[in-house]
Structures are given as structure tokens and as C-alpha cells.
Number of protein chains: 2
Amino acid sequence: MILTVTLNAALDVTYETPSVEWGGSNRVGTVRQRAGGKGVNVARVAAALGSAVVATGLVGGVTGDLVLADLDDAGLRHDFVVVGGTSRRTLTVVETSNGAATVLNEPGPAVTADEWQAFRERYGRLQSQADVVVVSGSLPPGVPADAYATLITDSPVPVILDADGETLAFGVQGGPALVKPNADELARATGKTSVIEGARALQSKGAQAVLVSLGPGGLVAVTAEGCWRAVPPEPVNGNPTGAGDAAVAAAARALLAGDAWPDLLRNAVALSAAAVHAPVAGDFDAAAYTRLTKEVTVTPL
Amino acid sequence: MILTVTLNAALDVTYETPSVEWGGSNRVGTVRQRAGGKGVNVARVAAALGSAVVATGLVGGVTGDLVLADLDDAGLRHDFVVVGGTSRRTLTVVETSNGAATVLNEPGPAVTADEWQAFRERYGRLQSQADVVVVSGSLPPGVPADAYATLITDSPVPVILDADGETLAFGVQGGPALVKPNADELARATGKTSVIEGARALQSKGAQAVLVSLGPGGLVAVTAEGCWRAVPPEPVNGNPTGAGDAAVAAAARALLAGDAWPDLLRNAVALSAAAVHAPVAGDFDAAAYTRLTKEVTVTPL
Ligand SMILES: Nc1ncnc2c1ncn2[C@@H]1O[C@H](COP(=O)(O)OP(=O)(O)O)[C@@H](O)[C@H]1O
Ligand SMILES: Nc1ncnc2c1ncn2[C@@H]1O[C@H](COP(=O)(O)OP(=O)(O)O)[C@@H](O)[C@H]1O
């Protein structure tokens, strides 16, 4: 079973409107909302491919209730700790005339020491049934900055970490099996602009392997067994939000199956590029995925 | 008692952040939310001045629950019909570095014929206790375009109408005691750019009197007893959202008290300018209000 951890679960709200007058008053055409947060997206993608998945994390308030209701609707197994604060919304304003998307992320609920302790206990229980753990996304206020390091250290099974900034920098110290920064996150966490040097810096701090995502440029893996690069056959013109989560879902499935790194990379690039084809984070285009697995190029570095 | 009608009640959400990268990904600093919709703002202002007020209208879903909970917190009397759809959010994104405010209004719940009928019955009951009625703001989908005309015709007591577009054009046909368009709304509804000509056009369609608001330029009243203009002593640099609602609240109190038009105008300009001093719609600066009532100039036209 793949356990995904989403400490700052969100209600993803999408507004669609032909164009927005910034600084003015606008009517929104379409409003959609669904459960989100990186871990939730990973769980959706892995479950859609037939993996046994449990989504855990923290939710609270009316937005938290809507998150859980949506997970039920989607048939996703979940086991969240309910906190007293209110889960955040993440708003994406899509201007349909030009495709521009503006994202506004609320900070999330303030979490108490007792709530964090309750989560650690729940996590301990869930983990005993897990084969791979994925911890990803931002931390809500009140959760210790080194929370991911703690969860990784507590885990007897391989953990994949996908985070940014301090959360990433602290997290790698827990010794995750795999870290998945994108190029910006890698540069912010290490100060290195070279992908290989940055990945090596994360390894020197504790990461066992590093998967760097490069948008349409695909993925680079830096591991104890070697380094590889995987590239999609062509850039996809679509919605890149959630593509990184699809790559993480593929990586979790590959760790579970014991796949070799080149196979992991091939599937991760194909699945994440197929996610760019789908309009919503957490979805992917199944036909594109099948086609892309044959078309991705994997080369040793 | 002043009865305010808010058919498209809203949860007003405000995001504050130093600046927004449009088309990019942004973290929101502060999130505030409270019950809104023009009628709710009118009710808040009138209640703060000591008027007996009841807020009615339509609410639904989780946002509707939050609206009602916030009215309870504010100690405002309310009697809303609960519908099956979900009340809208109205989002204001304030960039604190430059003061720019971008407003994104969701459309509102789809209302059925039975729900509209249920509201008419509730309204009939509430109205029998009312001395003045205020109908204001947009209509949610499913409510007939001439809804305000119906509510005005159904009412034995004076009704103030504050609406835009078709809703305003149809509404005046019900013969409201007073209509409060701003200059843009007046021009859209009548095609006239002259304030006096536009006001006369609304009178010819049924409005008994017209109060045109001109932002920092104050108010013009066109009535059967004469025409007046009232001007604030100076433009206020603040938040004009809700200033029109404060003007309507003052007008409702004046109709209730039987004040002469010049007195109504003086109070309406002072109160609405004092509302610009307050950062949130539905609030006003009490000290500024007292001062401004002495400083507003009222002249016959
Ligand atoms: N435009 C694109 N065309 C094809 N594949 C893409 C595109 N954008 C992203 N991908 C795939 O998704 C993966 C993750 O995307 P990226 O934007 O780097 O991650 P994140 O979403 O974490 O910022 C990439 O490694 C790549 O395989
Ligand atoms: N900048 C300002 N300075 C002083 N008074 C103002 C200012 N903006 C609005 N007001 C007052 O508020 C009233 C309503 O404002 P206006 O913007 O015309 O209405 P609405 O909010 O309905 O668009 C005006 O008639 C005026 O009395």
C-alpha cells in the first residue's frame, strides 16, 4: 500500500472566466472545486493506475469537510486527523481567452502541538501497513519545520519527499529514499544552479536518491546506482499543475515494484507528461500515458 | 423596522498580500471572511446606528451556513430562506503594496421556482412588520429578472431599490419610493450620460425618486419635491466598497423618520463618506460620520 501524507490538504477552487480586469470588479463564469494538496493528487493518480493507496494528513473546518466528502466521492481511501482550524483553499483563476492561470494559496489552519502529536500517532499506525510513503507539499502554520524529517526517520519503509524551501532542506536530513524537487526548488534549497551539483548537495545532506524535474525537459535521476536522464518525445501544451505529483506517483509505484531506475524514469516522464494533457491536477490522459511510455528516451549520464 | 432583502447573499472573502504576480503562483498572507451582499451591508450600517433591522434573502450550502453564523456573531437579526444550492463567495484580492483591489464574484446558487415562491411567502410575512424595505444587489440564477418589481409591487411600505443592469431596469417598473444607482449604473440602465436626464428617465419608468451617487462627488436627488445636490467637504482616500450601501442605509433611516430630502442627503453623504474611511464594507468611521454631517454642503439644483 502507498501512504500519501498531505499535512496542508486543500480545497482546490478553480474560477474560469474569459479574462480578468486586475484591479477591477469581475464576474466569474464557472466555479469548480475538489480535494487537493500534492499528496492527494499523488493518491488520485496512483489509485487510478490500480495501486492500493491511503491518503492521510490534516484537515479541518468546513473546507476540511468538503475535502473529505470529495475524497469519498472519488472512492479514495483516506484516514485524516481532523484539526480545530480550517483547511485552506487554493484558488486558480483561469483566463480562458489566453490560458493564463493565477494561483492564490491560502496559508492553512494553525495546528497545535497536541494535533501534531495526534497525527504522529495516526501515522505510526498507518505506516505499519504501508510499503511506500509519500510526504509532499507545504506545512500548515504550527507544524514544526522539520516535520518531514521526523516522519521520514519514523518510517521503516522507503519515503519519497516532495517539498520546497526550508521544508525540503530540513526534510532531506531524515534520509528519504527519494526526493523530487523541480529545478527552482533544487536551486532554492542548495544554492546550486547545476542540476547534478544540486542533487549531489541533497545527497550529502541525507537524500538517498534525487529526481529533478525539468518541466518539458523531463527528469534527471541522481542515485547510488548511477545517473540517468529521461525526456518526453515533445513538449505538451497543457496544464502543468500536478505534473510533478504524477511523477511522484509513478516513482512510488516503481519503488513498490522494485523497478530499476531507467524503468522508473520512463514511467514517471510518461505519466507526468500525460498529466499535462489532462486539464485538472490529479488526472492524466490514459491513452497518452500508454503511448508516451514507448516514446520517452532514457539515457545514462 | 427596516427590512433588507439580499437574494444573492455572499460570503465576502478578502485576501491580503503585498503584491500578486498575475499568471503566477502566490501565497496569500491574510484571509478574512464575513457575511456580505449589499443588503447585508445596509443592515449592518443601519443596525450600528440603532435602527431595528431584519435581514432576509436566500442562502444555501456551506457558504450559506457561514453567512448565517457570521450574522449571528454580529448580533444582526435575520430570517433567510435556505435554498438547495450553495451561496456564492465574493473574493477581493487586496495588494497591500499599492492598494489595488481585484474583485471576483461567483454567480450564486441556482434557485428553483419553489424556492422563489417560498421566499415570496416569507417576504409577505416579514413585510407586514416592516416600515421601510431595501432590495439591493444582484439576483442569483433562476430568480426571475423582474423579481424586484414583484417585491416592490407586493409591498405596502416604501421600498428602496439598489441594483444594476436589467435588474434595475425591470425593478423601477415596480414603482419604488427611491432608486439609488451610481453614475455608471444610471447610464447603463437609461443610455443617458446626464445625471438629471437619466434620473428623469427612471422616474418616467416608475421610480418615485432617484438618488444618484457620484463617488467622491457625493449625491444628487431628483424627486417630486425638487432636486438637490450634496457634496462631501473633500474626497476620502479609502475603501469605497460598501459606500453605496451606507448611503442606502442612511436613506432608509430618513424615509422611516420622515426626514426632508436635504436632511436625507446630508446624512447619506456623511455616512457613505464615513464608510470610505472604514476598511471593510458594512462598517463606517463613527467619528468621521459625526464630523461630516456638519461639513456636507447641500444645494438645490
Ligand atoms: N510541458 C510539458 N511537456 C511534457 N512534459 C512535461 C511538461 N511539463 C511537465 N512535464 C512533465 O512533468 C514533470 C514534472 O513537471 P515539473 O513542472 O518539472 O514539476 P512540478 O510540477 O513539481 O513543478 C516533468 O519532469 C515532465 O516529465
Ligand atoms: N472617495 C470618496 N470620498 C468621499 N465620499 C465618497 C467617496 N467615494 C464614495 N463616497 C460617498 O459614497 C457614496 C456612494 O459611493 P459610490 O461609489 O457612488 O456608490 P456605489 O458604492 O454604489 O458605487 C457617494 O455618493 C459619496 O457620498
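Residues numbered from 1 in each chain as written. Chains lettered and ligands numbered in written order. Predicted model: local features only at pLDDT ≥ 70, side-chain atom pairs only at ≥ 80, totals over all residues. Heavy atoms only, no water.

### A few points about the sheet that holds strand 2 (residues 10–17) of chain A
The condition that has to hold: The pairing criterion is simple: DSSP has to find at least two bridges between the two strands. Only DSSP runs of H or I covering at least 4 residues are called helices, and only runs of E covering at least 2 are called strands; the numbering of each starts at the N terminus. Every axis corresponds to a line fitted to the C-alpha atoms, with the helix fit spanning only the stretch in contact, and the corresponding angles, defined between N-to-C directions, vary from 0 to 180 degrees. Should any heavy atoms of two residues lie within 4.5 Å, those residues are counted as being in contact.
The five strands lie next to each other as 4(A)-2(A)-7(A)-8(A)-3(B), forming an open sheet whose pairing is mixed. In the strand order of this sheet, the two ends are held by strand 4 (30–36) of chain A together with strand 3 (25–27) of chain B, each with one partner. Between one strand axis and the next, the sheet turns through 20 degrees on average, direction left out of account. With seven bridges joining them, strand 2 of chain A and strand 4 of chain A adopt antiparallel strand pairing. Residue pairing across strands places Leu11 of chain A opposite Ala35 of chain A, the latter belonging to strand 4 of chain A. Strands in contact with helix 2 (residues 61–73) of chain A are strand 2, strand 4 and strand 7 (88–95) of chain A; relative to strand 4 of chain A, the strand with the most contacts, it is inclined by about 80 degrees.

### Observations regarding empty space enclosed by the protein
Quick reminder of the rule: Using protein atoms alone on a 1 Å grid, points that fit a 1.4 Å probe yet trap it form a cavity, whereas open point sets bounded by protein on both sides within 12 Å along at least five of seven lines form a pocket; residues with an atom within 4 Å of a point count as lining. Grid points are joined across faces, edges and corners, and a volume is the space filled by probe spheres set on the points. Under the scheme applied, nonpolar residues are Ala, Val, Leu, Ile, Met, Phe, Trp, Tyr, Cys and Pro; charged residues are Asp, Glu, Lys and Arg; polar residues are all the others, including Gly.
According to the stated counting rule, one finds one cavity of 30 Å³ or more in the structure shown. Lining the largest cavity are Val13, Tyr15, Arg89 and Leu91 of chain A together with Val13, Tyr15, Arg89 and Leu91 of chain B. Elements with a minimum of two residues in the lining of the largest cavity: strand 2 and strand 7 of chain A together with strand 2 (10–17) and strand 7 (88–95) of chain B. Of the residues assigned to the lining of the largest cavity, the class counts are six nonpolar, no polar and two charged.

### Quick look at the pairing of strand 7 of chain A
Residue and element names in this part refer to chain A. Note the threshold: A 1.4 Å probe rolled over the protein chains alone gives each residue an accessible area, and that area as a share of the maximum for its type sets the label: buried under 20%, exposed over 50%, partly exposed in between.
With seven of its eight residues buried, strand 7 lies for the most part within the structure. As judged from the eight bridges shared by strand 2 and strand 7, these two strands associate in the parallel manner. Bridging from a neighbouring strand, Val13 pairs with Leu91 of strand 7. Here strand 7 runs beside strand 8 (residues 101–105); their pairing, made up of five bridges, is antiparallel. Directly across from Thr92, in strand 8, lies its bridge partner Val103.

### As for the site of ligand 1
Residue and element names in this part refer to chain A. This is how the line gets drawn: When at least one non-hydrogen atom of a residue lies within 4 Å of a molecule or strand, that residue is treated as near it. Distance and chemistry together define a polar contact, namely a pair of N or O atoms within 3.5 Å, with one atom able to donate a hydrogen and the other to accept it when in protein, and with adjacent residues in sequence counting only for side-chain atoms on both sides.
Lys180, Asn182, Ser213, Gly215 and Ser272 are the nearest of the 17 residues found near ligand 1. Contact between ligand 1 and Lys180: an oxygen atom at 2.7 Å from a side-chain N or O atom of the residue. Residue Ser272 places a side-chain N or O atom 2.8 Å away from an oxygen atom belonging to ligand 1. At the level of elements, helix 8 (243–257) and helix 9 (261–277) are the ones that each hand at least two residues to the shell around ligand 1.

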